[in-house]
Amino acid sequence: MGLSTITDNLDVYVEGFVGTVTLTALGAAGALALGTALAAMRVSPVATLRAGGLLYVETLRNCPLPVLVVLMAFGLPKLGETFLWSFFAYGAVAIALYHAAFVCEAVRSGIGSVSTGQGEAARSLGLPFGQVLRLVVLPQAFRTVIPPLGNVLIALTKNTSVVALIDVTDITNNTELIINDTVDPIFAVLGSACAYLLLTLPMGLLVGRLEKRAAFAR
Amino acid sequence: MSTLLAFSDPLGPRGRRKALVGSIAGGLVLLGLLGAALLVLADAGQLDGDRWSDLLSPDGFELYARGLGSTLRAAAVAIALAITVGTVMALGRLSTLAPVRWLATTYVQLFRALPSLLLIIFAFFALPDLLGRPVTRYSALVIGLTLYNSAVFAEIIRAGVLSLPRGQTEAAVALGLRRSQTQRLVILPQAVSRMLPSLVAQMVVVLKDTAYGSIIGYEELLRVGTIAGETTADVLQSYVIVAVIYIAVCFALSSVARWLEGRTTRRYGRSAAAGAVAVPGVEDLAVH
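Predicted, not measured: the structure shown is a model, and the values here were computed from it.

## Brief notes about the packing of helix α7 (residues 166-174) of chain B against helix α8 (residues 179-209) of chain B
When two helices pack together, their arrangement is captured by the angle between the axes and the distance separating the axes.
All names here are of chain B.
So, point 1. Running from amino to carboxyl end, α7 crosses α8 at an angle of 155 degrees, the nearest separation of the two axes being 10 Å. On the basis of their axis angle, the class for α7 and α8 is roughly antiparallel. For the pair α7 and α8, the crossing hand works out as right-handed. Between α7, through Gln168, Thr169 and Ala172, and α8, the contact on the second element is made entirely by Thr182, Val186, Ile187 and Gln190.
So, point 2. Of the residues belonging to the contact of α7 with α8, the class tally is 3 nonpolar, 4 polar and no charged.

Pasting the structure below:
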């Protein structure tokens, strides 16, 4: 009981912490890659790709992450050997798929925030479309995209806790283990809260600073 | 239209032809992916009628309706509580009394940085020890959701207050209103009205997060879906039905948020809407 609940279970906390960090890294990598591709689809001149991107974003954004996770973890195995993965894999993929929708919207609004005058000026200088994008539009879009993207990544870090539903090792799941083990829920949760703060507070500070810099650059 | 076309010359006949060809090719690829998914589902026998008929029967319908009812009830109560606590915390952060400011700031920064699932677990397992009396699953879910979302709502409302021109406060002071009256009668109504789109967007988040109630055994929509899936052995189907219900309800609420956003822009002009956004962090205050 008491503080010893945390100190005695330090190894369990560390194990959970590593699980959360791994899920965050894999989920973020997947979400950034897929989200950027989706954003490209949503701003492309090709109508069907735009519609496909919109459908993906609206569906995934409005589907609760816990539902997506259990749908994948308990639904996919019914589709045969090919889809029989580990629970960790289901969790990581679900987290990536879900947050890709939010990454897409952040990137798309970044591109939308660059005024058309910038593109027109670049074109009047004779730059071809590729250079307009590469030299004028995307560098500016990148700048506005950083703060909202950072917020998506912070949300992703917290949302990795969803894997506790399918019993994958992370901070939240290990909290339940420690609660069962020590019957000291107050300090068990307190330790986990500290573990999450260790991750999310520095991320929040970093995003806040980037945000200020982006605001000055305008 | 925020397509890249805004940054290129208008398409000529060749460009339009290319776009059309691309559109058809892209459409075929997407249809192909959809077809492949359906083929895999059909191959595994997951599309067979009798795998769906039990769940979509009147009995099944009643079950899901009950689950949805529990979900909406928990969400509604959590939203009402979170907005109330959030308003208090927002005013606390704007208070002229430093200790009040510190307390409110600590509350907001702490609970915003934690996963709502952990807070639900806290409310369910730790709160009974702290209070010395049992906490029902329903209360635990509502309390957990309230702790997290009140912090987010507080930030949204605070941003709304900060986005108002200083003249509003000055005019209220000039009229001889006390500070509490100024906040209550002049500042808050305008702040809430301006931030309504973000507030509604955050309500969608609360609604989605009620699904975490299933981990503590509260019989909301997801939990009901699990039970129905396990009794009929049609797990995939049951979860698909649950997902479709959630998507429909959340989409409806998201559409309200979008409509309100358009209204705010029409009412206050783009610059006002952008002014609200100029406060750091507001554009993404609705945290998934």
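Having seen the model, we can carry on.
## Some details on the interface of chain B and chain A
So, point 1. Counting residues at the interface gives 60 residues for chain B, matched by 65 residues for chain A.
So, point 2. Across the chain B to chain A interface the summed buried area is about 5200 Å²; carbon plus sulfur atoms make up 73%.
So, point 3. Linking chain B with chain A are 1 salt bridge.
So, point 4. Here Arg258 of chain B makes a salt bridge to Glu58 of chain A, at a shortest N to O gap of 3.2 Å.
So, point 5. Across the chain B-chain A interface, the total number found is 11 residue pairs in polar contact (both at pLDDT 80 or more).

## What about the environment of Leu71 of chain A?
So, point 1. For Leu71 of chain A, the position within the fold is in helix α4 (residues 65-75).
So, point 2. Its relative accessible area of 18% is what places Leu71 of chain A among the buried residues.
So, point 3. Separated by 60 residues in the primary sequence, Leu71 of chain A and Asp11 of chain A place their C-alpha atoms 31 Å from one another.
So, point 4. If near-sequence neighbours (up to four positions away) are discounted, Leu71 of chain A is found in contact with Leu76 of chain A together with Leu236, Tyr239 and Val240 of chain B.

## Some points on unusual backbone geometry
So, point 1. Of note, Asp167 of chain A is a non-glycine position whose phi angle comes to about 65 degrees, a positive value.
So, point 2. In this structure Asp167 of chain A comes out as exposed when scored by relative accessible area, which is 59%.
So, point 3. You will see that Ala233 of chain B, though not glycine, has its phi angle at about 65 degrees, which is positive.
So, point 4. Within the secondary structure, Ala233 of chain B sits in the loop between α9 (221-232) and α10 (235-277).
So, point 5. With relative accessibility at 44%, the residue Ala233 of chain B sits in the partly exposed group.

## Topic: the domain arrangement of chain B
So, point 1. Domain annotation of chain B identifies domain 1 (13-43) and domain 2 (49-284).
So, point 2. If you average the C-alpha positions of domain 1 of chain B and of domain 2 of chain B, the two centres end up 38 Å apart.

## Re the pattern of salt bridges
All names here are of chain A.
So, point 1. In the structure shown here, the tally under the stated rule is 8 salt bridges over all chains.
So, point 2. For Glu58, the salt bridge is made with Arg61, and the minimal N-O distance between the two is 3.3 Å. Of the two residues, Glu58 and Arg61 are both situated in helix α3 (residues 47-61); the distance of 3 residues between them amounts to about one turn of the helix.
So, point 3. For Glu58, a relative accessible area of 14% puts it in the buried group.

## Concerning the layout of surface pockets
It is the rolling of a water-molecule-sized probe over the atoms that shows where space remains empty.
So, point 1. What the second largest pocket holds in volume is close to 1600 Å³.
So, point 2. In terms of lining residues, the second largest pocket is bounded by 36 residues, among which Tyr56, Thr59 and Leu60 of chain A together with Leu34 and Ala37 of chain B are the most central.
So, point 3. Counting residues per element, the ones that place at least two in the lining of the second largest pocket are α2 (10-43), α3 and α4 of chain A together with α1 (13-43) and α10 of chain B.
So, point 4. Among the elements that make up the lining of the second largest pocket, the one with the highest residue count is α1 of chain B (9 residues).
So, point 5. Residues belonging to the lining of the second largest pocket are distributed by class as follows: 32 nonpolar, 4 polar and no charged.

## Structural notes on the nonpolar core
So, point 1. Ranked by size, the top nonpolar core spans 133 residues in total, and within it Val67 of chain A together with Tyr64 and Leu222 of chain B carry the most contacts.
So, point 2. Tallying contributions element by element places helix α6 (residues 137-163) of chain B first for this core, with 15 residues.

## Here we look at helix α5 (residues 87-113) of chain A
So, point 1. The first and last C-alpha atoms of α5 of chain A sit 39 Å apart over 27 residues, in line with the 39 Å expected at 1.5 Å per residue.
So, point 2. Where α5 of chain A bends most, the angle comes to about 30 degrees, and this point is Ala100 of chain A.

## Here we look at the confidence of the model for chain B
So, point 1. Scored by pLDDT, chain B comes out at a mean of 89, with 92% of its residues at no less than 70.
So, point 2. Across chain B, the element-wise mean pLDDT spans from 81 in α10 of chain B up to 96 in helix α4 (residues 98-112) of chain B.

## Here's the deal with the environment of Gly22 of chain B
So, point 1. The topology assignment puts Gly22 of chain B in helix α1.
So, point 2. If we skip the residues at most four places from it in the chain, Gly22 of chain B touches Val46 and Thr48 of chain A.

## A word on the packing of aromatic side chains
Residues and elements named next belong to chain A.
So, point 1. Applying the stated criterion across every chain, the model contains 8 aromatic pairs over all chains.
So, point 2. Their ring planes at 25 degrees and their centres at 5.3 Å tell us that Trp85 and Tyr90 sit as a pair that is stacked.
So, point 3. On the accessibility criterion, Trp85 (35% relative accessible area) is partly exposed.
So, point 4. Tyr90 sits in the buried class, given a relative accessible area of 1%.

## Considerations on the side chain of His99 of chain A
All names here are of chain A.
So, point 1. Considering the arrangement of structural elements, one finds His99 in helix α5.
So, point 2. For His99, the side chain forms a polar contact with the side chain of Asn159, separated by 3.0 Å.
So, point 3. Excluding residues that lie within four positions of it along the chain, His99 makes contacts with Ala31, Leu65, Val152, Ala155, Leu156 and Asn159.

Reading the values: rules and limits
Residues numbered from 1 in each chain as written. Chains lettered and ligands numbered in written order. Predicted model: local features only at pLDDT ≥ 70, side-chain atom pairs only at ≥ 80, totals over all residues. Heavy atoms only, no water. Axes fitted to C-alpha atoms, helices over the stretch in contact; angles between N-to-C directions. Helix = DSSP H or I, 4+ residues; strand = E, 2+ residues; numbered from the N terminus. Parallel < 35°, antiparallel > 145°, perpendicular 65-115°, else oblique. Left-handed = near helix turned anticlockwise from the far one by under 90°. Contact = heavy atoms within 4.5 Å. Nonpolar A, V, L, I, M, F, W, Y, C, P; charged D, E, K, R; others polar. Buried area = accessible area lost by both parts, 1.4 Å probe. Salt bridge = Lys/Arg side-chain N within 4 Å of Asp/Glu carboxyl O. Polar contact = N/O pair within 3.5 Å; in protein donor to acceptor, adjacent residues only side chain to side chain. Buried < 20%, exposed > 50% of the residue type's maximum accessible area, 1.4 Å probe, protein only. Domains from an automatic or database assignment. 1 Å grid on protein atoms, 1.4 Å probe; cavity = no way out; pocket = protein on both sides within 12 Å on 5 of 7 lines; lining within 4 Å. Points joined across faces, edges and corners; volume = space filled by probe spheres on them. Core = buried A, V, L, I, M, F, W, Y, C linked by side-chain atoms within 4.5 Å. Expected span 1.5 Å × (residues − 1). Bend = angle between axes of the 7 residues up to and from the residue. pLDDT = per-residue confidence, 0-100. Phe/Tyr/Trp six-rings, centres within 6.5 Å; stacked < 30°, edge-to-face > 60°.

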